[in-house]
Amino acid sequence: MAVSAGMALISTLTAGLSGTLITGTVLGHFLVTTAIGAAINALIPKPSLNPGAAQSGYGITTKSSVADHQVIYGKTKVSGVVVFDGTSEGNFYLHRVIAFAGHEIEDFEEIYLNDELLTFDGSGNLTAPYIYTQNVVIKKHYGTSDQLADPDLVAAGVGFTTSHRLRGIAYLYIRLAWNPDLFPNGVPEFSAVIKGKKVYDPRTDTTAWSDNPALCIRDYITSTTYGLGESTDNLDDTLFTTAANVCDYYNYPTLTGDARYTLNGSFTTGASPYDLMQNLLSSMGGLAWYSQGKWRIKPAYWTSPVADFNEDDLRSSISVATRHSRRDNFNTVNGVWKGEASSWQLTDFPPVSNDAFVSADNGQELSTDLNLAFTSDVGMARRIANIYLERNRQQLTVMASFGMRAFQLQVGDNIRLTNSRFGWVNKEFEVVSWTFGLVDNNDLQVHMTLREISDIVFDDISDGAVYERDNTILPSPFTTTPVGVSVEAIAQVTNQKVSNLARITVSATSDVFISRVEVEFKKNADTVWKAVGTGPVGVFEAVDLETGNYDFRARSINTFGVRGDWSNLLNQEINAFIGDPSDVSSLSVELSGGTLFLSWPPIPDADLSHYVVKHNSETTGATWGNSTTVIEKIPRPATSASLPARSGTYLIRAYDKEDNFSENFTTVVVLPSDLPQLGNTDTQTEDPTFAGTTSNTVVVSSSVEIDDTSAASPTGEYFFSNYIDTGSSRSARVTGFRTFERRYDDTTLLWDAIPQNWDTWPDLWDNWTDEQANWGDVGVTVYVAATNDDPAGTPTWGSWELANGSFYTGRAFKFKAVLESDNTNYTPAILTLSVDVEY
């Protein structure tokens, strides 16, 4: 509407037309504004005859010659200002124009008469309630730039002409018929739910209705008619775009989910811009600032820190405020919101409080009020209130000057600050003020005020306990650093005596503030604790313990002598002898004349008892189970042994104090060609017929086995069927050869009837390639006896000696094999058996 048109209407109204209810400059003030100095004037609070309406719009229809424009963002229910009244047909009809907004709107979604919802058909005719259909006519005008005067109002001849177009004014033309029964209290009240201002969106370069807070605030900042009148060149639209996306999508930056924040409400041009900006910003819990020639904005959401600072960046001392004053501190937020669910009335939302905050404030509830008149959803209001509360409890504020690295920052940025004196390691702060200038000797510095911040402020989770302890990583002098306890059983050797030792390791995430630690232990079944010792964080030892289960505990003592809580490690088995000893890593052999020398590196196990050496006459395929023990025990710490030289495979295994043996045996092979060669060799072979004499043995299927294994450690003997006569007394090397297998003494036994537990079988089942390989509970030893007499007569035989390659003196030699078993269910079964006499 042109200014001249507005003045013409004012003149008409002041000429004393019949039925005119108001005069003066109501239209002049409501419709006419000037762009001259708009940005300056917008910051100056203007007096208002209805100060309550300034921040929240018109709640009831107003009549005034100096009424302010009403501005509507988003959607809300409002009343308006009567800008024209006229009567016709002998005052039977009242023609009223109510201006609702001083700008174009999207729609009058709902219209109410005395709080009764009116409904209309597609042509705009009133259809319900029925009692009003013959008495009320309402026509909508949206305040477009090309808006025409209402033709029906013009035709009524009450002084409203075609020049009264009210462009840029959203209004309703209402015609009421006089009916004292329908309107006994006079002219009824009209209000409407309005989708308000169309705003510019820099993301799409379009102008359309929106309840996005960032877009609405941008519109207010740039508006020359009712806002701050800033040029769009002075807006950081990158930040406004980000803010708009944050408000539109709860799951920013993925741009999914419902709206995080919306802005729905109204105000008038009489509102103080400072107070109004606070109210608008409250709808997104955010802030706006002017810096480096640009308006910038940020909603309440987490942004990752953009820089890291430490002591090297400081150019001044640090001023730290650890707490708000009591006046500014609160632990409960009360407030109001307004939306469709509250019938568009300001309504209290349930208070937002936090028990941890109340506890920190000595149990006293300290409340504050939060006006969220532009928030139309109670859940959103409580989310904003929770952020407001938690942000307030992030109270640590830092002021300091920094070097030029801080020049990259701006208000609203988050940073990480490390300062060892205050116990800050990458502690997060938000920049709340930023200035720079020359100080001292023309040193250019950036002075900042920083307020602690955390991503969990914005996560919709009540984190009160966290905020009460996140100001520093420095410990309280009245608490101590907790410690961890771990225990390892170690075999300790003292003068060849092996005993249990518990090696107790006490650890802490940091021992800076630990003066010493105490360590105690007890048997699990006991009640009295015994001291291990006191000392620095590290390793403690409880020595010479019996095998069994024990409890251990430790606690720290800080530099003030304050003792912490015990850290317990309960029911720990202390047995250093569990498990098999290590394998012998290698076995080597040297020959000297008729003697063979074996040597090997010692194994590291403290509980080593001895080594066992076996021999097998075969040079390939020897296993522990089919070999004969030649040295039953070589005590630690010996690592060598000597034997009469003979060919075959030598095998060695380590045994510990509990008689556990190493998982694998180690071998070395001596070939017949390696031995000193003698002139003659006589051989006596018994297999396969085994025609000799048996003693508790029996020949079965071309093999010899123990006849009865029921006795403990059963044994049997087989005596060779013949002797070897060399013809004269001489020194001869006698070597016995045999192969055997481990055999159950009842060949008819079914698999399911095997009496032993599989868990007692050596090695892993899947690793077995020869089921005879690792058993060591059966064996066969070949013996020799010599005589210098003629064996055909009545000779005198010497004692039985091992036929192990040793030299014996005699004319004739006889032999036997001794079969032994450590298992009453099994017997060795000799498969081949022979003796060589070399001279």
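Structure: above.
Worth saying up front: this structure is predicted, and the values here are computed from it rather than measured. (Residues numbered from 1 in each chain as written. Predicted model: local features only at pLDDT ≥ 70, side-chain atom pairs only at ≥ 80, totals over all residues. Heavy atoms only, no water.)

### Topic: the nonpolar core
Then step 1. With 48 residues, the main nonpolar core has Tyr73, Ile217, Tyr220, Ile221, Tyr261, Val333 and Phe349 as its most contacted residues.
Then step 2. Of all the secondary structure elements, the ones that give two or more residues to this core are strand 1 (70–73), helix 6 (213–222), helix 7 (237–248), helix 8 (273–282), strand 14 (294–298), strand 17 (332–337), strand 20 (367–372) and helix 10 (378–393).
Then step 3. In this structure Tyr220 touches Tyr73, Tyr226, Gly227, Leu228, Phe267, Pro273, Leu276, Met277 and Leu280, once residues within four positions along its chain are discounted.
Then step 4. One finds Val780, Tyr808, Val835 and Val837 within the second-largest nonpolar core, a separate group that totals 26 residues. (Core = buried A, V, L, I, M, F, W, Y, C linked by side-chain atoms within 4.5 Å. Buried < 20%, exposed > 50% of the residue type's maximum accessible area, 1.4 Å probe, protein only. Helix = DSSP H or I, 4+ residues; strand = E, 2+ residues; numbered from the N terminus. Contact = heavy atoms within 4.5 Å.)

### Here we look at unusual backbone geometry
Then step 1. The peptide bond linking Arg636 to Pro637 adopts the cis configuration, its omega dihedral lying at 5 degrees.
Then step 2. With respect to the element layout, Pro637 can be found in the loop between strand 35 (628–635) and strand 36 (640–644).
Then step 3. Cis geometry is found at the peptide bond from Asp687 to Pro688, where omega equals 5 degrees.
Then step 4. Within the secondary structure, Pro688 sits in the loop between strand 39 (681–685) and strand 40 (693–695).
Then step 5. The backbone of Leu255 shows a phi angle near 60 degrees, a positive value even though the residue is not glycine.
Then step 6. If you trace the backbone, Leu255 turns up in the loop between helix 7 and strand 12 (265–268).

### A closer look at the packing of helix 6 against helix 7
Then step 1. In contact at an axis separation of 7 Å, helix 6 and helix 7 are set at 140 degrees when each is read in the N-to-C sense. Residue-level contacts link Pro213, Ala214, Leu215, Arg218 and Ile221 of helix 6 to Asp237, Phe240, Ala243, Ala244 and Cys247 of helix 7.
Then step 2. Of the residues that constitute the contact of helix 6 with helix 7, the class distribution is eight nonpolar, no polar and two charged. (Axes fitted to C-alpha atoms, helices over the stretch in contact; angles between N-to-C directions. Nonpolar A, V, L, I, M, F, W, Y, C, P; charged D, E, K, R; others polar.)

### Describing the sheet that holds strand 32 (residues 588–592)
Then step 1. Read across the open sheet, the three strands follow the order 32-33-36; overall the sheet is antiparallel. Because the sheet does not close on itself, it has two edges, and the strands there are strand 32 and strand 36. Strand-to-strand twist in this sheet, taken as the mean axis angle between neighbours without regard to direction, amounts to 25 degrees.
Then step 2. With five bridges connecting them, strand 32 and strand 33 (residues 595–599) associate as antiparallel partners. Counted as the bridge partner of Ser592 is Thr595 from strand 33. (Pairing = 2+ DSSP bridges.)

### Remarks on the pattern of salt bridges
Then step 1. Tallied over the entire structure, the rule returns 31 salt bridges.
Then step 2. Glu430 is paired through a salt bridge with Arg391; the nearest N and O atoms lie 2.7 Å apart. In this pair, Glu430 sits in strand 23 (residues 424–439) while Arg391 sits in helix 10, placing the two residues 39 residues apart along the sequence.
Then step 3. Judged by relative accessible area, which is 5%, Glu430 ranks as buried.
Then step 4. You can call Arg391 buried: its relative accessible area is 19%.
Then step 5. We note a salt bridge from Arg811 to Asp725, for which the minimum N-O separation is 3.0 Å. Pair noted here: Arg811 is in strand 47 (residues 804–821) and Asp725 is in strand 44 (residues 724–744), with a separation of 86 residues, a long-range link. (Salt bridge = Lys/Arg side-chain N within 4 Å of Asp/Glu carboxyl O.)

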